[in-house]
Amino acid sequence: MRAGVLITFFFLCSAGFLDAQRILYSPYLGNESSNRFEVIGKAGNYYWLQTGKPQLRYRKSKGSYLDDKGLRFEIYDARMNPVRKVPYFLPEDLIKEYLIAGDEYFDQLIFRPGDQKITASLNRFSADGNSYDTGRIVAEFPAKMKCEDFVLIRSHDKTKILLLGFETITDSAPKLHALLYDKDWNLLCQTEYSNPNISKPL
């Protein structure tokens, strides 16, 4: 009995030396008329969220935000204090969108049909949400490619970006379009491969 009391006393005394868990709380996100949001990632020392107001009409095949009103990015600092709101829109003919949070910038890559081709255009923002570079075309692909034909891969150290396009060709071997960029979307290498064994990742 005495041993049990001593153990309990020791535990209570040593509890003061334990590190407490730290939790940061952000302001409430959304309200009754606007409650869709998605955490994208951290750019520099800022957290980025995508928010929108859902509408009744919803096209599942195009993505959850295409028909939303009031689309915007919301940026928060390291302590989850709101910093900036950046309104934006998604084009009706959107094929695919990639959102990429980096160490210095936040990138939005938009795929949409152009004149006999598909273009991938870049909207780049500084980490705190200031517009830096918008509408820059970084890639072009054959016009018949679809949303699921594109794959974007970034290296572990975030210094290289690989953009792949899988083109299906009737009565011929599939073609792989491979474009390698540095972290600032400067093209380092561009190659095309044709091989019957090429297949898209699941």
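Here, the structure is the one placed above.
Just so it is clear, the model here is predicted, and its values are computed rather than measured.

Enquirer: I tried to follow the pairing of strand β11 (residues 175-182) on my own but got confused; where do I start?
Expert: Consecutive side chains along a regular strand alternate between the two faces of the sheet. For β11, the tally of buried residues reaches six of eight residues, placing the bulk of the element in the interior. One ladder, built from eight bridges, connects strand β10 (residues 160-167) with β11; its direction is antiparallel. Within β11, the position partnered with L162 by the bridge is L180. Between β11 and strand β12 (residues 187-194), which follow one another and run antiparallel, lie four residues, and W185 among them has a positive phi close to 65°.

Enquirer: It is not clear to me how the sheet that holds strand β8 (residues 131-142) should be interpreted in this structure. Could you clarify?
Expert: Pairing is antiparallel in the open sheet, where four strands are placed in the order β5-β6-β7-β8. This sheet does not close on itself; its edge strands, each paired only once, are β5 (96-101) and β8. Here the strands of the sheet are splayed against their neighbours by 15° on average, with no regard to which way each runs. Alignment of β5 against strand β6 (residues 105-113), held across six bridges, turns out to be antiparallel. In the strand pairing of β6, A101 is matched with F106.

Enquirer: Help me out: how do you make sense of the packing of aromatic side chains in this one?
Expert: Two numbers describe a pair of aromatic rings. These are the distance of the centres and the angle of the planes. Within this structure, the stated rule accounts for twelve aromatic pairs. Look at F73 and Y88: their rings are 4.2 Å apart centre to centre, the planes differ by 10°, and that puts the pair in the stacked class. Of this pair, F73 sits in strand β3 (residues 69-76) while Y88 sits in the loop between β4 (82-87) and β5, placing them 15 residues apart in sequence. Accessibility classification places F73 together with Y88 in one group, the buried group. Taking the centre distance of 6.3 Å and the plane angle of 35° together, the rings of F111 and F141 count as tilted. A residue pair is termed long-range when its members are at least 10 positions apart, and F111 in strand β6 and F141 in strand β8 qualify at 30 residues. The exposure class assigned to F111 is buried, which follows from its relative accessible area of 0%.

Enquirer: Help me understand the sheet that holds β10 in this model?
Expert: In sheet architecture, strand pairing relies on hydrogen bonds along the backbone and comes in two forms, parallel and antiparallel. Judged by pairing direction, the sheet is antiparallel, and its four strands sit side by side in the order β9-β10-β11-β12 without closing on themselves. Strands with a single pairing partner mark the edges of an open sheet, and in this sheet they are β9 (150-154) and β12. In this sheet, neighbouring strand axes are inclined to one another by 15° on average, regardless of whether the strands run parallel or antiparallel. Bridge count between β9 and β10: five bridges; the pairing is antiparallel. Note on β10: the bridge partner recorded for F150 is G165.

Enquirer: Is there a simple way to explain the pattern of salt bridges in this structure?
Expert: In total, this model carries ten salt bridges according to the counting rule given. Among the ionic pairs, R124 bridges to D107, the shortest N-O distance being 2.7 Å. In this pair, R124 is assigned in strand β7 (residues 117-126) and D107 in strand β6, connecting sequence segments 17 residues apart. Overall, R124 belongs to the buried group, its relative accessible area being 5%. By relative accessible area, D107 is classed as buried at 4%.

Enquirer: How should the side chain of S126 be read in this particular structure?
Expert: As for its placement among the helices and strands, S126 is situated in strand β7. Sequence-distant contacts of S126, defined by excluding residues within four places in its chain, comprise W48, E104, Y105 and Y132.

Reading the values: rules and limits
Residues numbered from 1 in each chain as written. Predicted model: local features only at pLDDT ≥ 70, side-chain atom pairs only at ≥ 80, totals over all residues. Heavy atoms only, no water. Buried < 20%, exposed > 50% of the residue type's maximum accessible area, 1.4 Å probe, protein only. Helix = DSSP H or I, 4+ residues; strand = E, 2+ residues; numbered from the N terminus. Pairing = 2+ DSSP bridges. Axes fitted to C-alpha atoms, helices over the stretch in contact; angles between N-to-C directions. Phe/Tyr/Trp six-rings, centres within 6.5 Å; stacked < 30°, edge-to-face > 60°. Salt bridge = Lys/Arg side-chain N within 4 Å of Asp/Glu carboxyl O. Contact = heavy atoms within 4.5 Å.

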